[in-house]
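Examining the three-dimensional arrangement
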Amino acid sequence: MAAPRGWRLAGQGCCRLLHTERSAAPPPPLYPPVVASHTAKSKSAKRRRLEYFYQQVHEAPSIAEKLRLYGRLQRLKYVVYPQTFSLNADRWYQSFTKTVFVPGLPPAGAQPAGPGAPDLSELRSLACDALLQEHFYQRKRERPFLYREQQHVPGPFLTQLVSSLSAALGSSNPLLATSCLDLKPQVNFYWERGETVVCRGYRTGRIDPVRFQIDDEPLIQIRVPKQLPEFVPLDYSVPGEVPVINHKPDKLPLFKRQYDNKIFIGSKVADPCSYGHTQFHLIPDKLKRERLLKANLADQIEVTYRANGIASLFAWTAAQAMYQGFWCEADVTRPFVSQAVISDGKYFAFFCYQLNTLALTVKADQNNPRKNICWGTENFEEYGTRNHFFLPSLRILCAPLL
Amino acid sequence: MAGLWWPARPAAGALRAWAPRGPHRGKTAQVPRRPLPRTPWTTRGPPPGAPLPRSWQDKRPVQEQIPGLEQVTYAGKQYFVPWLARPRLPRWERGWHDPRHSPGPRYVAMPLYKERVCYVCHQRTKMLEGVRQALWLTKTKLMEGLPPKVLSIIDEPANQLENEDERVQNAISHARVWITTELIPKRESYCPVLLEDLLHLCRTMASKYPSLSKRMLARDYKVAAAWERESSILQVRGMNGILLNAINPLLPVASKDEILATENHILETFHPISPTIDLQEVNVYEERHDTGFREGYPYPHPHTLYFVESANVRPVRFRPEQLRAKMLMFAFGNALAKAKILYGDDPKVLEHPVVVQSIGTEGRIFQFMVFQLNTTDLASSDGVKNLVWIDSDQYMYDYIRYLPGIRKKVVKFPPGIYGYRPDTFKKFLALYLHGAVQDSTQTQIL
């Protein structure tokens, strides 16, 4: 009989074990491990497929392969536009990206005095020259075409300002001397946050993560080979909350599309300048101050700047983190920091972003106390009367480049 | 294939589908045709003296051949009939001026209309004879290679960037490979990016030479210059390229003896082609001089013009010869406009020649040019001529490999830049530093 024979055998084994020493390795299992099915329509099968997918991404031989596997599956996703006319978009974007917005600039760390401190009067004269060249001295068309006013004067002014300032500050900041300047680069990021039930189609009823994609095109971007130092420690507890919005993103309005899941910082993984320094954005014609004031949306002026800063900087820093091999299941071990200056030619707003966590999916976010932090100023005039440049704001303008 | 509507093979006994019918029935192409006999008619047209074939004879209209004969049209009937000719009806006049349907003022009625034709060179002008034509039009003598002053800047070791080769190769890889998520970027995206990256590298030299920061780039500016050349009025107009302006002018590159020696040089003509071929002929024009900037501009002197030839399609793209001609014409235009504003409209030999540099690229091949305007007296072909130094077809690299070349499962040709030549960037940097380095060497001499 099987049972007593087995018991006798076990007894014999136990008796032997009492008198002999335990051997180092347990004997290999006789049967393969019992796991859930791979293809069944069940939650355990779904879990097993997810585990297999995570294992594949973890074991990818190179970062390009990891990015390819991460974004291989194409599904309908919300396309998030950093420059948007939606009302109160900054609170929505904070909830999508788990960001806390802190007004003002981050605490200034101990800045080591460089060998040659930048001469502010020289930089001021460079800025004045760029301004006067674009606004007055260069002969241009009297009236630009419809909705092309921003490309006519403010765009070239910002380009000229950034290139001459970064060249002038290269002597005092060796990081800027080895930087790379991009004009109108592509910045893309794809991520998942939260869960929802699929309401239409053949996958109706299944629980799916909510997918987002940002496709951004800043006016100018400076990339550096070394990472910028962190503003605050990784696990710093920020005084502020991430807004929780209990509506579907469709209400913003946000619309879904299905296409390539791109993750791009402005150049491919092989580029040595794979960390970001500063982005410069230009507010488009349809979101200008005058149009918002005419539509009785004066309070939305700040909102457009904030939404642009949060979304663009999150996409850029998160893409930089993914270029270093981190992703939502392998969270960042050091904070990623970038800066942005957003303007419409006359009013400037400065933003600093610290990415502390990439784990935004439901599974990874369960015990994650870290939050991303975005510091931002209000927008204020750079030049009031004809030749008067506010020095404090010029100092802030140069601070990101230092 | 059930959907085929014609029979794939003709039925048995039927003729081949494309065999000739009629009098040549049965004569298929399989019968080899004897070669045609060589007669004066079959070799090259009719022999001299013989009457032309009917189709080659001049056909005058019937109204000219038979005077008094008129065509019978259906104009009187006021409806169409197929056997009568189509009448030529007078053009319908609206009777009042509708600005949305008006053809616009006629050229003859415009206030700036002139009888004498003016030939305009703009940014899409592709000149047939290239540099030779531009040399004749601008009364210039060509010197091969860059001037010795610029070459001496290249030779000095202090005028090099740190890790120059590595940084330039990174810039090339960034523009050609890393700029897009796709495998191969188009020329329209990589060509301007390469120029911007190289300019960014040159600007980092401002830490060594502070006078380099006294320069400003200007994009999308328009230049206007007009001159007379052996009874034709010529103009250079429009947007050309990216201009680097400087506070101080470039010092003359050629000595006074070289300038006087150009008097004996004879400009090359290319009869029977007219030197104004491919230039746009206009009757409505205004002769004016405009550097593109107002008075009081803090960076008044043009330093270098950068031309980017980034059309994707090869027929639209400028060939190197045409690009060099365009560079010469616009460098001359900028120099002439500046000279007229500084020294007045009278044609004369300039005491302080105006020097303008020019660099043109289509992403891989660079053309370098230094132009010196010695005289504004361009009407006659004698006398002092202008000088231009051209260094043409400088390859920065041979080709880029995007995918690795694998032979028998071994990577034999890794992806990357092949045939990189460091001299091209040294010349680019030397042209950028020209004008700023001279100051430091002169102060050292003093």
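Scroll up for the structure.
All values reported here derive from a predicted model rather than from experimental measurement. (Residues numbered from 1 in each chain as written. Chains lettered and ligands numbered in written order. Predicted model: local features only at pLDDT ≥ 70, side-chain atom pairs only at ≥ 80, totals over all residues. Heavy atoms only, no water.)

A look at the overall build of chain B
Each helix and strand in chain B was counted, giving 10 helices and 15 strands. For chain B, the C-alpha radius of gyration of 32 Å lies well beyond 22 Å, the compact-globule estimate for 446 residues. Viewed in the frame of its principal axes, chain B has a C-alpha envelope of about 100 × 75 × 55 Å. In chain B, buried positions account for 43% of the 446 residues. Look at the contacts in chain B between residues 6 or more apart in sequence, and 75% of them connect residues 24 or more apart. (Helix = DSSP H or I, 4+ residues; strand = E, 2+ residues; numbered from the N terminus. Rg over C-alpha atoms; globule rule 2.2 N^0.38 Å. Buried < 20%, exposed > 50% of the residue type's maximum accessible area, 1.4 Å probe, protein only. Contact = heavy atoms within 4.5 Å.)

Notes on the packing of aromatic side chains
Within a pair of aromatic rings, the relevant descriptors are the distance that separates the centres and the angle that separates the planes. Counted according to the given criterion, the structure contains 31 aromatic pairs over all chains. Ring centres of Phe 189 of chain A and Trp 191 of chain A lie 5.8 Å apart, and the angle between their planes is 20 degrees; on these two criteria the pair is classed as stacked. This pair shows no difference in class: Phe 189 of chain A is buried, exactly as Trp 191 of chain A is. Ring centres of Phe 307 of chain B and Phe 330 of chain B lie 6.2 Å apart, and the angle between their planes is 45 degrees; on these two criteria the pair is classed as tilted. With a gap of 23 residues between them, Phe 307 of chain B in strand E8 (residues 301-308) and Phe 330 of chain B in helix H8 (residues 320-343) connect regions that are remote in the sequence. Of the two residues, Phe 307 of chain B and Phe 330 of chain B, both sit in the buried class. An aromatic cluster of three or more residues is present, and its members are Tyr 78, Trp 92, Tyr 93, Phe 96, Phe 189, Trp 191, Phe 212, Phe 314 and Tyr 353 of chain A. Above the plane of the ring of Tyr 78 of chain A lies Lys 256 of chain A, whose end atom (NZ or CZ) is 4.9 Å from the centre. Lying over the aromatic face of Trp 136 of chain B, Arg 229 of chain B brings its terminal NZ or CZ to 4.4 Å of the ring centre. (Phe/Tyr/Trp six-rings, centres within 6.5 Å; stacked < 30°, edge-to-face > 60°. Lys NZ or Arg CZ within 6 Å of the ring centre and 35° of its normal.)

A short note on the environment of Phe 318 of chain B
Secondary-structure assignment places Phe 318 of chain B in the loop between E8 and H8. Apart from the residues within four sequence positions on either side, Phe 318 of chain B is in contact with Gln 123, Arg 124, Thr 125, Lys 126, Glu 309, Leu 323 and Lys 326 of chain B.

Comments concerning empty space enclosed by the protein
Under the criterion given, the structure shown has 6 cavities of 30 Å³ or more. Of the pockets and cavities examined, the largest cavity occupies roughly 160 Å³. In terms of lining, the largest cavity is formed by 16 residues, of which the most central are Ser 164 of chain A together with Arg 203, Leu 212, Arg 215 and Tyr 432 of chain B. Of all elements in the fold, only helix H7 (154-168) of chain A together with helix H6 (187-203) and strand E3 (215-218) of chain B reach the threshold of two or more residues within the lining of the largest cavity. Considering every element that reaches the lining of the largest cavity, the biggest residue donor is H7 of chain A, with 5 residues. Here the second largest cavity defines a volume of roughly 70 Å³. Every residue lining the second largest cavity is listed: Tyr 70, Phe 189, Trp 191, Glu 192, Met 322, Trp 327, Cys 328, Leu 358, Leu 360 and Thr 361 of chain A. (1 Å grid on protein atoms, 1.4 Å probe; cavity = no way out; pocket = protein on both sides within 12 Å on 5 of 7 lines; lining within 4 Å. Points joined across faces, edges and corners; volume = space filled by probe spheres on them.)

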